[in-house]
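Here is what each chain is made of, one letter per residue.
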Amino acid sequence: MGSIEDVNAALADEGKMVMAQVAPAVRVTIGEEFGLPAGTIVTKKLVGALRQAGFEKVFDTSVAADIVTIEEGTEFLNRLEDQEDLPLLTSCCPASVFFVENTFPKFLHHFCTVKSPQQGMGSLIKTYYARRMKIDAKKNFVVAVMPCIVKKMEARRPEMEFDGVHNVDAVLTTKEAAALLKSKKADLNGANETGFDSLLGKASGAGQLFGQTGGVSEALLRFVAWKLEGKKARVLFKEVRGKKGFREAEVKIGSRMLKVAVIDGLNNLRDLMSSEEKFHSYDVVEIMTCPGGCIGGGGQPESTPEKLEARKKALHNVDAMETVRVASENPEVKELYGSYLIEPGSKVARSILHVSRICLKCD
Ligand code: SF4
């Protein structure tokens, strides 16, 4: 959905308010398109360059990742309590959703019902942000800067809208966004360093970990640990980090032992789903299609094992530098719940952030 031409047309249209949202992985990859070493953290330079290119507002998709973590974590705790629909399949990677829909539709109900951070952020910009700022949501044009082409297909799905308005109007891959910036002479190296726009601009460290495989699980485990153990809960869950395309971890939280599988690649997911007994032995399964997760996505600069390692390390450093590292502790997110969503799984949250994951072909 969308191309550089569509974005240029929107930027030239005075009737549109063009806003960008930036995926977690992009902050440690787009620098390579401007000659910087793999893993250079360019978050603030990128925001400055996007403003220079004409975007009126720039938001951080990682804030939506924090909200996804809270919604997903709450859904997981409910399923754990009821011992229903376990394992919970995380739902941030649209390629894995397409794969399960087509190859293993009987497992569709295992997916969390929360939209991906990309779609969640689009939805929040056009509802929460538009209402708070008294902007006509129909004039908003939301451009998502994303690590992959599949995100364009995700944005076209019919359920990814609210009140007849698409959550996201155009998706640019990292490489396309770099090309757009270059065409506008907005060189990342010379850009002013600025922060994301407020209300949807300050993410926790956990939300920014979504850019690599294992990050969604670590964010989820941090949330669950804080829910069950309070502020004394640990923050780091290095058990879910690593290089292998299939890794598993057993994590004790409160009185529960949780079994988590973290998967890179659809072949590994196929192997797991081919054995129902093994599949059902987990509580959580995180699936990312690309090697290393979104840092290795098809819309990213060329990936090598060394570059993937450097990007992954950079995202861990981004997380370590944040003072807030648990999604539910994020002040912006607390404000959003207090003034709009009210609580996880509320009527408002379900109407703008959740979708149905039912297999229509199954009995
Ligand atoms: S893992 Fe790959 S396919 Fe999935 S969302 Fe990330 S970049 Fe896209």
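Scroll up a little and you will see the structure.
What counts, and at which threshold
Residues numbered from 1 in each chain as written. Predicted model: local features only at pLDDT ≥ 70, side-chain atom pairs only at ≥ 80, totals over all residues. Heavy atoms only, no water. Helix = DSSP H or I, 4+ residues; strand = E, 2+ residues; numbered from the N terminus. Buried < 20%, exposed > 50% of the residue type's maximum accessible area, 1.4 Å probe, protein only. Polar contact = N/O pair within 3.5 Å; in protein donor to acceptor, adjacent residues only side chain to side chain. Contact = heavy atoms within 4.5 Å. Core = buried A, V, L, I, M, F, W, Y, C linked by side-chain atoms within 4.5 Å. Near = heavy atom within 4 Å. Nonpolar A, V, L, I, M, F, W, Y, C, P; charged D, E, K, R; others polar. Pairing = 2+ DSSP bridges. Axes fitted to C-alpha atoms, helices over the stretch in contact; angles between N-to-C directions. Parallel < 35°, antiparallel > 145°, perpendicular 65-115°, else oblique. Left-handed = near helix turned anticlockwise from the far one by under 90°.

Caption draft 1: Looking closely at the side chain of Thr 174. Turning to its location among the elements, Thr 174 is positioned in helix H7 (residues 174-183). Residue Thr 174 is classed as buried on the basis of its relative accessible area of 0%. In this structure the side chain of Thr 174 is engaged in a polar contact, spanning 2.7 Å, whose partner is the side chain of Gln 300. Every residue in contact with Thr 174, bar those within four places of it in the chain, is listed here: Val 26, Thr 29, Ile 30, Met 146, Pro 147, Gly 299, Gln 300 and Pro 301.

Caption draft 2: Quick look at the nonpolar core. Membership of the largest hydrophobic core comes to 97 residues, with the highest contact counts inside it found for Ile 30, Phe 55, Ile 67, Leu 200 and Leu 341. The greatest single-element share of this core, amounting to nine residues, is contributed by helix H3 (residues 61-82). Apart from residues no more than four positions distant in its own chain, Leu 341 is found in contact with Ile 67, Leu 336, Ser 346, Val 348, Ala 349, Ile 352 and Leu 353. Among the nonpolar cores identified, the runner-up in size contains 17 residues, and Leu 89, Ala 261, Val 285 and Ile 287 belong to it.

Caption draft 3: Examining the site of the ligand more closely. Around the ligand lies a shell formed by Cys 93, Pro 94, Ala 95, Pro 147, Cys 148, Lys 151, Met 288, Thr 289, Cys 290, Gly 293, Cys 294 and Gly 297. Across the shell around the ligand, the residue classes tally to eight nonpolar, three polar and one charged.

Caption draft 4: Summary view of the sheet that holds strand S3 (residues 88-89). Spatial strand order, S3-S10-S9-S8: four strands in an open sheet with mixed pairing. The open sheet is flanked by S3 and strand S8 (246-253), the only strands paired with a single partner. In the sheet, S8 pairs with strand S9 (residues 256-264) via eight bridges, with the strands oriented antiparallel. What sits directly across from Arg 247, in S9, is Val 262. Helix H9 (residues 215-229) rests against S8, S9 and strand S10 (284-288) of the sheet, and its axis sits at about 10 degrees to S8.

Caption draft 5: View of the packing of helix H1 (residues 4-12) against H7. At a closest axis distance of 10 Å, the pairing of H1 and H7 adopts a crossing angle of 45 degrees. With respect to H7, the axis of H1 lies oblique. Handedness of the H1/H7 crossing: right-handed. Contacts between H1 and H7 involve Ile 4, Val 7 and Asn 8 from the former and Glu 176, Ala 179 and Leu 180 from the latter. Here the contact of H1 with H7 is built from residues that sort into four nonpolar, one polar and one charged.

Caption draft 6: Main features of the environment of Glu 176. Mapped onto the fold, Glu 176 is located in helix H7. With a relative accessible area of 24%, Glu 176 lands in the partly exposed category. Along the backbone, Glu 176 and Leu 50 are 126 residues apart, and their C-alpha atoms lie at a distance of 13 Å. Apart from the residues within four sequence positions on either side, Glu 176 is in contact with Ile 4, Lys 152 and Val 171.

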